[in-house]
Amino acid sequence: MSAVSVVADPPSWLRTFWSELDARDAREKQSIDIVVSQNRLLESCSSLRDKNEELEKLVASLRIQNAEALRNAALSQDTGAQENTKRTFELEKQISDLNLERVEVYRRVVELMDGIKTYEEKIKQAQAEIVSLSTRLKQTTTQLNDCTALIKEKDNVIQILRDELATHQLELSQLEEQMKVKDERLKTMEGENAELVKRWMELKQEEAARMNEANEFVENALKTKTLMIDAARRGSLSPQLSTRDLLGELRGKDRSPVRSFLPNAAVKKWSAHDGEINCIQISRDGSTIATGGNDKRVILYDAYSCSPRTSLAGSLQAVMSVSFNLTGEMILGTSNDNSAKIWNVSTGRLRHTLTGHIGKVYSAKFTDSNKVVSGSHDRTIKIWDLGKGFCMRTIFTLSSCNDLSVLDGDGTVIVSGHLDNNVRLWDSRTGNQIREITGIHHGQVTAVDVSPDGTYIMTTSRDNTIKLMDVRMYDVVAVFNHDRFRVGMNWSKSCFSPDTMYIASGSADGALYFWQLNPLKMGSGISNTNGTPEIIMKDQHRGSICGAVWGPMGGSTVYSADKDRGIVMWGST
């Protein structure tokens, strides 16, 4: 009670507990009063029994005296008949009174015995109630201990939040000082900018004049080319076009859309790293592959020849995920050393080290606005500004983040998958949660990905299912599974094809599964719940597949990696 009494205003459950204790004391006191009354009745009954025995002895003595008196009366009938008769009458009256008194005593004894039985029943009921109250007391004590432990845990969380608040306040004060300096610089730069705009407008006018001249030249050249083609057709000859003319025609035509096909064979296979491979990724132009592993390295490969280019070091523990930026000039790797690192792809030099998480960093993505979004086992998502070199915002996610992705290029909306089987969406500008999607999986979410056309969110889970959600309604529109499909790791990744026609995902048995999304693309809304993939590629991986990536230029080129250091390039023969 001393630990709780320091609280100025005790909570409602503690007041309820105290009131139940007071009620129990009152009931137990009533039981004690019953026992005391019973003891008094027993003492009274015992005294009445003793008195009854004395009266019975007295009656017996009087009877003896009466008999003797009768004998004496018979002997002295002649001498004292009147006195003896009087004495006999008095004795008989005393006997009658004693008999009446004895009857009254018996009646009172019977009443006392009945009272004793009634009190004994009350005592049994009170004892049963005492046992019930003791059980409730034990349960309440257990709840009190649990609540006390919960309060301690909440106090620890509050202390952590206070420390985080103090850190943010310190960062805010530093940012305010930096803002003052930058405001001064901004004023200076505004003046310089006005001068530059003026000079730029002059240059633009000169450039516009040159462009007008060039347009006139191109129009004249096109007219000449048309005349040459017409002349060649009339003469049944093929016109000989120059390389520059052909390039101009190609630029003028619309490019055909990207199309993907299912692979049917393993094109190349090789081993990498000195330990297990945890992740694989491909650059947006499809020229470079990157893998990260337990040997603390990120290795870059040529996507066409599959030969290694560069090995990037700097992480202190295993690399858990890799990601390229939009131009492919930088690569991001997250590590179990609670940090994320960014390297220059061409030089292999370490550009940034992002520290601030207090748990393993499982995933991170670039945005198109020179920012990085990272998710960690410490139940936070952090947004980093690479231009300024510090953390812009910390979002508390309530559960460990296994993977994340961004719904748009600027990273305005972040989608994250968590250890508690749920998917959450966040507004990166405010740090507020937009939506929490629960109940779609029965195991922790290992990966989340957004389709290239931005219409679907794909989730992979340890419940051995892949689910597709409509971004507009957040409804599950398709479920992909198979009897032998097993998600082998807590960071296993799946991928879309560039045209959002297929899904590829690796299994714990080393098989690569492909499902088709064509019914969804046609708008039929058919859910693939029969567990039938389009194709299963086997016999190339020896261990659990950690991830698969599809070549961004379409076709049938797919890369997959397993934890036993194997990488396979799939394609068509």
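In the block above lies the structure referred to throughout.
Structure report, in brief. (Residues numbered from 1 in each chain as written. Predicted model: local features only at pLDDT ≥ 70, side-chain atom pairs only at ≥ 80, totals over all residues. Heavy atoms only, no water.)

Our next topic: the packing of aromatic side chains. In this description, a pair of aromatic rings is defined by centroid distance and the angle of the planes. By the definition in use, this model includes seven aromatic pairs. Considering the side-chain rings of F514 and W550, the 5.7 Å spacing of their centres and the 90° angle between planes classify their relative orientation as edge-to-face. Of the two residues, F514 is situated in strand β24 (residues 512-516) and W550 in strand β26 (residues 545-550); the sequence distance between them amounts to 36 residues. Taken as a pair, F514 and W550 share a single burial class, namely buried. Here a set of aromatic residues connected by ring pairs shows up, and it is made of F480, F485, Y513 and W515. (Phe/Tyr/Trp six-rings, centres within 6.5 Å; stacked < 30°, edge-to-face > 60°. Helix = DSSP H or I, 4+ residues; strand = E, 2+ residues; numbered from the N terminus. Buried < 20%, exposed > 50% of the residue type's maximum accessible area, 1.4 Å probe, protein only.)

In this section: a negative patch on the surface. Residues D50, E53, E54 and E56 make up a contiguous surface patch of negative charge. Tracing the backbone through its elements, the reader meets E53 in helix α1 (residues 12-75). (Patch = residues over 30% accessible without salt bridge, like charges linked within 9 Å, V, L, I, M, F, W, Y side chains within 5 Å. Areas by Shrake-Rupley, 256 points an atom, 1.4 Å probe, with all protein chains shown as cover. Salt bridge = Lys/Arg side-chain N within 4 Å of Asp/Glu carboxyl O. Lys, Arg positive; Asp, Glu negative; His and termini not counted. Charge placed at Lys NZ, Arg CZ, Asp CG, Glu CD.)

So, on to the pairing of strand β23 (residues 502-506). Across the five residues that make up β23, a large majority, five, are buried. Side chains Y502, A504 and G506 project from β23 onto one buried face, and the interleaved I503 and S505 project onto a second face that is buried too. Taken together, the three bridges between strand β22 (residues 494-496) and β23 define a ladder with antiparallel strand orientation. Paired with C495 across the two strands is A504, which belongs to β23. Remark: five residues form the turn of the hairpin made by β22 and β23, two consecutive strands paired antiparallel; T500 in that turn has positive phi of roughly 55°. Pairing between β23 and β24: five bridges, direction antiparallel. From the neighbouring strand, S505 faces β24, where its bridge partner is Y513. Where β23 folds back on β24, the antiparallel hairpin that results is connected by five residues, among which G510 adopts a positive phi of roughly 90°. (Pairing = 2+ DSSP bridges.)

Looking now at the sheet that holds strand β20 (residues 466-470). On the basis of which strands lie adjacent, the open sheet formed by four strands has the order β18-β19-β20-β21 and antiparallel pairing. Either end of the sheet is taken by a strand with one partner, and the two such strands are β18 (445-450) and β21 (476-480). Across the sheet, the mean angle from the axis of one strand to that of its neighbour is 20°, orientation sign disregarded. Direction of pairing for strand β19 (residues 456-461) relative to β20: antiparallel, over a ladder of five bridges. Across the sheet, residue M458 finds its bridge partner in β20, namely L468. (Axes fitted to C-alpha atoms, helices over the stretch in contact; angles between N-to-C directions.)

In this structure, the largest pocket encloses a volume near 1,200 Å³. Q281, R284, K365, D449 and V450 are the residues nearest the centre of the largest pocket, which is lined by 41 residues in total. Where the lining of the largest pocket is concerned, the elements lending two or more residues are β2 (277-282), β6 (319-324), β10 (361-366), β14 (401-406), β18, β22 and β26. In terms of residue count, the dominant contributor to the lining of the largest pocket is β26 (five residues). Partitioning the lining of the largest pocket into residue classes produces 21 nonpolar, 13 polar and seven charged. Taken as a whole, the second largest pocket spans an internal volume of roughly 800 Å³. Lining the second largest pocket are 27 residues, with I160, E164, I358, T380 and F396 sitting closest to its centre. Put simply, the parts of the chain that give the lining of the second largest pocket at least two residues each are α2 (77-234), β12 (380-385) and β13 (390-396). With 13 residues, α2 is the largest single contributor of residues to the lining of the second largest pocket. (1 Å grid on protein atoms, 1.4 Å probe; cavity = no way out; pocket = protein on both sides within 12 Å on 5 of 7 lines; lining within 4 Å. Points joined across faces, edges and corners; volume = space filled by probe spheres on them. Nonpolar A, V, L, I, M, F, W, Y, C, P; charged D, E, K, R; others polar.)

So, on to unusual backbone geometry. A positive phi angle is found at H273, which is not glycine, with a value near 70°. Along the chain, H273 falls in the loop between β1 (265-271) and β2. Of note, N421 is a non-glycine position whose phi angle comes to about 75°, a positive value. Summarising the element assignment, N421 is placed in the loop between β15 (413-418) and β16 (423-427). By relative accessible area, which is 21% here, N421 ends up partly exposed.

Once that is clear, we can look at the nonpolar core. Ranked by internal contacts, the top residues of the largest apolar core, which has 17 residues, are W270, I280, I289, Y301, Y559, A561 and I567. Where this core is concerned, the elements lending two or more residues are β2, β4 (298-302), β26, β27 (558-562) and β28 (566-571). Here this core takes three residues from β2, the largest share from any one element. Residues in contact with W270, not counting those within four places in the same chain, are Y301, C306, R565, G566, I567 and M569. Among the nonpolar cores identified, the runner-up in size contains 15 residues, and V477, Y513, W515 and L517 belong to it. (Core = buried A, V, L, I, M, F, W, Y, C linked by side-chain atoms within 4.5 Å. Contact = heavy atoms within 4.5 Å.)

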